[in-house]
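Residue-level listing of the chains:
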Protein chains: 2
Amino acid sequence: MSKSQLTLTPVETVACCSPLVREPLSAERAERVTPLLKALADPVRLRLVSIVAASEGGEACVCDLNDAFDLSQPTISHHLKVLHDAGLLDRTKRGVWVYYGVRRDVLADVAALIGGGA
Amino acid sequence: MSKSQLTLTPVETVACCSPLVREPLSAERAERVTPLLKALADPVRLRLVSIVAASEGGEACVCDLNDAFDLSQPTISHHLKVLHDAGLLDRTKRGVWVYYGVRRDVLADVAALIGGGA
DNA sequence: CCCTTATATCGACATCTGTCAATATCGACC
DNA sequence: GGTCGATATTGACAGATGTCGATATAAGGG
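Description of the structure in this document. The structure displayed is predicted, hence computed values, not measured ones. (Residues numbered from 1 in each chain as written. Chains lettered and ligands numbered in written order. Predicted model: local features only at pLDDT ≥ 70, side-chain atom pairs only at ≥ 80, totals over all residues. Heavy atoms only, no water.)

1. Quick look at the packing of helix 3 (residues 43–54) of chain B against helix 5 (residues 73–86) of chain B
All names here are of chain B. Running from amino to carboxyl end, helix 3 crosses helix 5 at an angle of 75°, the nearest separation of the two axes being 10 Å. As far as their axial angle goes, helix 5 and helix 3 are roughly perpendicular. Contacts between helix 3 and helix 5 involve Val44, Arg45, Leu48 and Val49 on the former and, on the latter, Ile76, His79, Leu80, Val82 and Leu83. Taken together, the residues of the contact of helix 3 with helix 5 break down into 7 nonpolar, 1 polar and 1 charged. (Axes fitted to C-alpha atoms, helices over the stretch in contact; angles between N-to-C directions. Helix = DSSP H or I, 4+ residues; strand = E, 2+ residues; numbered from the N terminus. Parallel < 35°, antiparallel > 145°, perpendicular 65-115°, else oblique. Contact = heavy atoms within 4.5 Å. Nonpolar A, V, L, I, M, F, W, Y, C, P; charged D, E, K, R; others polar.)

Below, the structure is given as structure tokens:
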């Protein structure tokens with residue numbers, strides 16, 4: 001690990017340490033991991049991740065995602081941005097379309113943090 | 001399962017189904033699971049769960065939890081209530097003290113939902 | 001009984017968040 | 001270059017959330 005502990009991103013932080021139940025989480029680690037959980041803690045975003053993850057190749061076009069919800073296009077775009085900024089979704093532009101792909105490794109790290117001691 | 005799907009609690013819902021990445025989460029399931037993630041998606045509550053879970057016997061006294069934070073006692077009490085209401089922590093009163101214990105099974109179910117396909 | 005100690009509830013407040021309509025940007029195609 | 005379709009950004013607003021101080025409740029000890 002070349003980066004200083006002080007500059008770890010949420011994704012790096014959640015990947016680096018023992019699960020919740022092993023030893024108390026430090027305040028700094030908790031602060032850095034929380035954005036990932038906040039990103040998942042919304043019904044629309046949870047479904048977005050799920051739809052993307054369950055799609056072939058683990059990615060889906062925004063046009064399809066918009067159709068899956070009864071929400072405005074800007075709202076979906078906003079939620080996708082939140083998930084992307086958190087590091088949970090990759091973004092790829094192909095022609096006019098944008099595809100979001102799930103970071104399964106990050107999901108797995110989050111899961112390991114929460115349930116790693118069970 | 002004796003209860004109707006319509007009355008499932010968050011804890012029951014998260015325990016019952018396939019992970020995010022297997023098949024798209026329905027809107028109703030997403031709505032029912034989200035409270036659990038919201039409960040975890042706060043740095044103070046994440047640390048509370050961690051401290052409780054890492055304690056001997058998987059439970060800790062509120063008095064100790066208060067001391068671990070630079071926050072007012074009502075604030076900690078509020079966060080513990082959120083975690084308890086979500087079904088993540090058990091509450092036991094022993095004499096004057098209240099002990100909160102972690103529901104490892106629920107944590108495991110949440111983890112399985114998020115990372116179950118990795 | 002009263003007092004003390006532990007925990008919860010209430011009311012208030014500032015901040016954060018989800019949503020939309022309007023608008024901007026970016027690519028492709030004519 | 002102009003237009004059109006796909007996605008992002010902006011600004012506004014209502015409602016949710018985290019925090020506190022003050023107060024309530026509950027249990028034990030004198």
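Here the narrative resumes, following the displayed structure.
2. Side note on the protein's contact with DNA strand D
Every one of the 23 residues lining DNA strand D counts as a neighbour, but Gln73, Arg91 and Tyr100 of chain A together with Thr75 and His79 of chain B are closest to it. Within the side chain of Thr75 of chain B, a nitrogen or oxygen atom sits 2.7 Å from a phosphate oxygen of DNA strand D. Here His79 of chain B contributes a side-chain N or O atom positioned 2.4 Å from a phosphate oxygen of DNA strand D. Counted by class, the surface near DNA strand D contains 10 nonpolar, 7 polar and 6 charged residues. (Near = heavy atom within 4 Å. Polar contact = N/O pair within 3.5 Å; in protein donor to acceptor, adjacent residues only side chain to side chain.)

3. Focus: the relation of the copies chain A and chain B
One copy of the chain maps onto the other through a rotation about an axis followed by a shift along the same axis. When chain A is fitted to chain B, the residual RMSD is 0.0 Å, and the transformation amounts to a turn of 180° plus an axial shift of 0.0 Å. Accordingly, the operation relating the two chain copies is best matched by a two-fold axis. For chain A, the smallest separation between a C-alpha atom and the rotation axis is recorded for Ala111 of chain A, amounting to 2.1 Å. (Least-squares fit on C-alpha atoms with pLDDT ≥ 70 in both.)

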